[in-house]
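Residues per chain, in single letters:
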Amino acid sequence: MVTLAEVAQHAGVSASTVSYVLSGKRSISANTRQRVERSIRELGYHPNAGARALASSKSNIIALMVPLRTDMYVPVMMEIAIAVATAARTHGYDVLLLTGEEGPDAVRRVAGSGLADGMILMDVELDDERLPLLRATDQPSVLIGLPADTNGLTCVDLDFRATGALCVEHLAKQGHQDIAVIGEAPAVYERHTGFAERTLDGLRSRSRELGVRLLHRPCDGGYDAMAVTLARILDERPGTTGIIVQNESAVEPLLALLRQQGRAVPEDVSVVAICPDQVATQASVRLTSVAIPAQEMGRHAVEHLVAKFEGRGSDEVVLIAPELTVRGSTGPAPTRP
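Rules and cut-offs
- Within each chain, residues carry numbers counting from 1 in the order of the written sequence.
- Local features in a predicted model are, by the rule used here, given only for residues with pLDDT of at least 70; side-chain atom pairs are given and counted only at 80 or more, and totals for whole chains, interfaces and linings are based on all residues.
- Each side-chain value is derived from all of the structure's non-hydrogen atoms; neither hydrogens nor water enter the calculation.
- Buried Ala, Val, Leu, Ile, Met, Phe, Trp, Tyr and Cys residues that are joined via side-chain atoms within 4.5 Å together make up what is termed a nonpolar core.
- Partly exposed residues are those whose accessible area sits between 20% and 50% of the maximum for their type, while under 20% is buried and over 50% is exposed, using a 1.4 Å probe and protein chains only.
- Numbering of helices and strands runs from the N terminus, with a helix taken as a DSSP run of H or I at least four residues long and a strand as a DSSP run of E at least two residues long.
- The domain boundaries here were taken from an automatic or database domain assignment.
- Each helix should span, by expectation, one fewer than its residue count multiplied by 1.5 Å.
- Polar contact is the term for a pair of N or O atoms within 3.5 Å; when the atoms are in protein, one must be able to donate a hydrogen and the other to accept it, and sequence-neighboring residues count only if both atoms are side-chain atoms.
- The pairing criterion for strands is at least two bridges between them, as found by DSSP.
- Handedness is read with the strands pointing away from the viewer; a crossover is right-handed when the path from the first strand over the helix to the second is clockwise.
- Only the stretch in contact is used when a helix axis is fitted, and all axes are lines through C-alpha atoms; the angle between N-to-C directions ranges over 0 to 180 degrees.
- Contacts are assigned to residue pairs that have any heavy atoms within 4.5 Å of one another.
- Pairing of aromatic side chains requires ring centres within 6.5 Å, counting the rings of Phe and Tyr and the six-membered ring of Trp. Pairs whose planes differ by under 30 degrees are stacked, by over 60 edge-to-face, and all others tilted.

A.B. asks: I'd like a rundown of the nonpolar core, residues and numbers included.
C.D. replies: With 46 residues, the main nonpolar core has I120, I144 and I244 as its most contacted residues. Residue contributions to this core peak at 7 residues, all from helix α5 (residues 74-90). Each of domain 2 (61-158 + 294-320) and domain 3 (160-292) gives at least three residues to this core. One finds L215, I233, V251 and A280 within the second-largest nonpolar core, a separate group that totals 26 residues.

This is the structure in structure tokens:
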């Protein structure tokens, strides 16, 4: 392990000069700075993170709060988390991943301990109990998700309300008048999770405007739960010809059940999914879908947080416009006899 003293000796300067170059606390001549930086590169020196934090009052760490719940599709959450970590690294920050369901305690712990320079929060609820404490602290933060009240907050998210509206519009243009929505697990709606509630709001509003009948049913995912949910939908609305799925775990069971019932996709039933492209393209029928822009969400969140670190950020809401990709799972509504 290369030490600071060895860097100083290699560069022909004092150890304190190397320290000042690293911390930026004192003005150093350009020539001296270049010699020190060259020695750092050649020797492969990495400052001790703890010592660097003490010296600069910065940890160069971003805390990412990702509660990993059993009712959420973890691969999507982790894809966003990886995007955050990748973007953070390009700005010289590492990421501390907090996956517990600690709520306000996690915010309090990070803000009070100096563990991180700022926070990014995911799995945001409409009335998220973490927000009062977040507003009360002066530590920079960004939300990936939208609460009901965004005042004093910086938020980044897919425009889920527009996403819901876009899915309904696509099916309505194909002549579908009875549309069913297979949603997330019931617990997601019970918590009033922002993305699910906003999607539902967009679905319902646009359906009313277009005169389309809409039926929403939550589903725990998996074959058995999907079988019960589909049976209920077809019992309550036997004329259903369009299905919108916002539940990755329900996609393949739904397609299997439709096949078993002799309902061809898209000839008898059209299916639209709100899911990652990987899920849509690897399904047994390539699905028309609105993708979750995980990379873009993670990158925007980090860029806004870094801007706050540098004193040039402001509170704002960034909504990413949805894009619908048409594949093989949607077509004209079947002609009724």
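Okay, back to it.
A.B. asks: Break down helix α8 (residues 160-173) for me, citing the residues and quoting the values.
C.D. replies: Taking 1.5 Å of rise per residue, the 14 residues of α8 would be expected to cover 20 Å, and the 20 Å separating its terminal C-alpha atoms lies within 8% of that figure. F160, T163, G164, A165, C167, V168, H170 and L171 are the residues of α8 that are buried. Between the side-chain oxygen of the N-cap and the backbone nitrogen of R161 there are 3.4 Å, and the N-cap of α8 in question is D159. G175 lies just past α8 and shows a positive phi near 95°.

A.B. asks: Let's hear about the pairing of strand β3 (residues 118-121): which residues, and what values?
C.D. replies: Two faces belong to every sheet, and in a regular strand the side chains alternate between them. Here β3 shows two buried faces, one formed by G118 and I120 and the other by M119 and L121. As paired elements, strand β1 (residues 61-65) and β3 share 4 bridges and run parallel to each other. Considered in β3, the bridge of L64 is made with I120. Here 3 bridges tie β3 to strand β4 (residues 141-144), and the two strands are oriented parallel to one another. When the sheet's bridge partners are listed, L121 is paired in β4 with L143. What joins β3 to β4 is helix α7 (residues 131-136), and the crossover it makes is right-handed.

A.B. asks: Describe the domain arrangement of the protein chain, with residues and values.
C.D. replies: Assigned domains of the protein chain: these are domain 1 (4-47), domain 2 (61-158 + 294-320) and domain 3 (160-292). Between the C-alpha centres of domain 1 and domain 3 the distance comes to 60 Å.

A.B. asks: Would you mind going over the side chain of T229 in detail, with residue names and values included?
C.D. replies: Within the secondary structure, T229 sits in helix α11 (residues 223-236). When its relative accessible area of 9% is taken as the criterion, T229 is described as buried. One polar contact links the side chain of T229 to the main-chain carbonyl oxygen of A225, over a distance of 2.9 Å.

A.B. asks: Which residues make up the sheet that holds strand β2 (residues 94-98), and what are the values?
C.D. replies: If you trace the 6 strands from one edge of the open sheet to the other, you get β2-β1-β3-β4-β5-β11, paired in parallel fashion. Across the chains shown, the open sheet's two edge strands, defined by having one partner strand only, are β2 and β11 (317-320). Across this sheet, the average inter-strand angle for adjacent strands is 20°, counted without regard to direction. Bridge count between β4 and strand β5 (residues 155-158): 2 bridges; the pairing is parallel. The partner of I144 across the bridge, within β5, is V156. With respect to the sheet, helix α14 (residues 294-309) is in contact with β1, β3, β4, β5 and β11, its orientation differing from that of β4 by roughly 165°.

A.B. asks: If you had to explain the packing of aromatic side chains to someone new, which residues and values would you point to?
C.D. replies: All told, the structure shown has 2 aromatic pairs when counted by the stated rule. Measuring from centroid to centroid gives 5.1 Å for Y93 and F309, while their planes differ by 35°, and the two rings are tilted. On the criterion of sequence distance, the pair formed by Y93 in the loop between α5 and β2 and F309 in helix α14 is long-range, its members being 216 residues apart. By relative accessible area, which is 5% here, Y93 ends up buried.

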